[in-house]
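# Residue-level structural notes
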Amino acid sequence: MRALRGRRLKPHHHRESKVKMILITGATGAVGRPLVEFLAGQGAEVRAVTRAPESADLPAGVEVVEGDPSRPDTVAPHLDGVAAVFLHSRTFGETADRLLSLARERGATRVVALSAMNVDDPLELQPSRYRGDRNKESEEAAVASGLEWTSLRVSSFAGNTLQAWGAQIRAGDVVRYVYAAFEESLIDERDLVEVAARALLTDELAGRRLELTGPQSLSHEQMVAVIARVIGRPLRYHEVPPEAAQQAMIGNGLPEPFVEALMARYAAYVQWQQHPVTDEVEKILGRPARTYAEWVADHVAGFQN
């Protein structure tokens with residue numbers, strides 16, 4: 001992933017706050033780690049919470065502390081001096097209310113909650129719930145916390161495609177997957193990070209549920225065509241029956257409830273002609289959201305041997 005640390009955050013409305021310490025939950029994951037790195041590059045004081053601080057490998061100057069947000073009392077000692085909290089939806093289990101209550105008691109004034117665009121869909125069509133995400137609870141806890149809040153309702157991450165197809169593309173020229181016509185408006189995780197940083201560092205986005213997407217809706221088949229063009233290799237999308245894909249995914253170690261919900265989501269929404277696309281990223285950051293082709297260009301190594 002190309003580093004974000006060189007890009008300075010330029011407030012549009014000049015309503016910068018005087019946020020001091022920012023506490024990041026999920027600090028070593030696909031969102032938390034680049035967020036920590038970006039905030040550190042902005043000169044912010046960052047306290048990164050992780051269950052395994054000895055292996056965190058975060059930038060120098062970041063305060064790395066041991067804690068488990070699903071057990072808020074383990075995080076409580078690290079809340080002193082914290083002004084803002086990034087609440088990652090996969091970290092707290094059922095304890096978000098308690099965690100934010102403790103943060104408020106110790107002087108925090110702001111929370112930025114990671115959520116998802118499909119937060120209001122039936123639970124059985126939200127596959128990430130079966131991998132620990134509590135997007136609805138994250139947003140609801142933030143709104144009810146008494147803190148200044150922002151909810152980041154994000155679309156699917158561009159990085160999911162590397163997880164789903166990277167091994168196949170490294171091994172050959174055919175991508176075998178379901179529902180060639182299913183569309184997503186994938187967001188580059190770096191855009192999410194920059195929006196989250198703005199919400200943490202300024203007052204501009206307070207009290208808003210932000211629906212964040214990439215700039216275009218692409219089908220699975222179109223995504224593979226983009227990968228082919230960027231990496232300079234011919235690739236072919238071969239649609240397989242959902243049952244076959246489900247068995248293969250479970251056989252590769254993915255939890256059965258997650259796979260069932262993923263297939264149900266595809267089946268329920270494949271008839272959409274286009275996945276919703278918003279311009280929130282561009283309005284907030286003052287530049288276009290990164291395209292999927294840009295994301296692939298910065299992750300070419302993941303698709304090559």
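For the structure itself, look to the data block above.
This is a predicted model, so every value here is computed, not measured.

## What to know about the packing of aromatic side chains
- Under the criterion given, the structure shown has 7 aromatic pairs.
- Between tyrosine 292 and tryptophan 295, the ring centres sit 5.9 Å apart and the planes meet at 5 degrees, which makes this aromatic pair stacked. In this pair, tyrosine 292 and tryptophan 295 both sit in helix H11 (residues 292-297), 3 residues apart, roughly one turn of the helix.
- Judged by relative accessible area, tyrosine 292 falls into the buried class, the value being 4%.
- Look at tryptophan 295 and phenylalanine 303: their rings are 6.3 Å apart centre to centre, the planes differ by 80 degrees, and that puts the pair in the edge-to-face class.
- Among the aromatic side chains, those forming a connected cluster through ring pairs are Trp165, Tyr177, Tyr179, Phe182, Tyr237 and Tyr266.
- One cation-aromatic arrangement involves arginine 131 over phenylalanine 258; the distance from NZ or CZ to the ring centre is 5.0 Å.

## Regarding the pairing of strand E6 (residues 148-154)
- Counting buried residues in E6 gives 6 out of 7 residues, a clear majority hidden from the surface.
- The pairing of strand E5 (residues 110-116) with E6 spans 7 bridges and is classified as parallel. Within the sheet, the bridge partner assigned to leucine 114 lies in E6 and is leucine 152.
- Two strands pair when backbone bridges link them, and E6 and strand E9 (residues 208-212) are joined in this way by 5 bridges, in the parallel orientation. When the bridges of E9 are listed, valine 154 appears paired with leucine 212.

## Section: the environment of serine 156
- The topology assignment puts serine 156 in the loop between E6 and helix H5 (159-171).
- When near neighbours in sequence (up to four residues on either side) are disregarded, serine 156 contacts Glu184, Ser185, Leu186, Ile187 and Arg265.

## A look at the sheet that holds E5
- Reading across from one edge, E3-E2-E1-E4-E5-E6-E9 is the order of the 7 strands in this open sheet, with parallel pairing throughout. Because the sheet does not close on itself, it has two edges, and the strands there are strand E3 (63-66) and E9. Direction aside, the axes of adjacent strands within the sheet are offset by 20 degrees on average.
- Sheet topology note: the strand E4 (residues 82-87)/E5 ladder contains 4 bridges and is parallel. Residue pairing across strands places valine 85 opposite valine 111, the latter belonging to E5.
- This element, helix H4 (residues 135-144), spans E4, E5, E6 and E9 of the sheet and lies at about 155 degrees to E5.

Rules and cut-offs
Residues numbered from 1 in each chain as written. Predicted model: local features only at pLDDT ≥ 70, side-chain atom pairs only at ≥ 80, totals over all residues. Heavy atoms only, no water. Phe/Tyr/Trp six-rings, centres within 6.5 Å; stacked < 30°, edge-to-face > 60°. Helix = DSSP H or I, 4+ residues; strand = E, 2+ residues; numbered from the N terminus. Buried < 20%, exposed > 50% of the residue type's maximum accessible area, 1.4 Å probe, protein only. Lys NZ or Arg CZ within 6 Å of the ring centre and 35° of its normal. Pairing = 2+ DSSP bridges. Contact = heavy atoms within 4.5 Å. Axes fitted to C-alpha atoms, helices over the stretch in contact; angles between N-to-C directions.

Read these as spatial facts, not as claims about activity.
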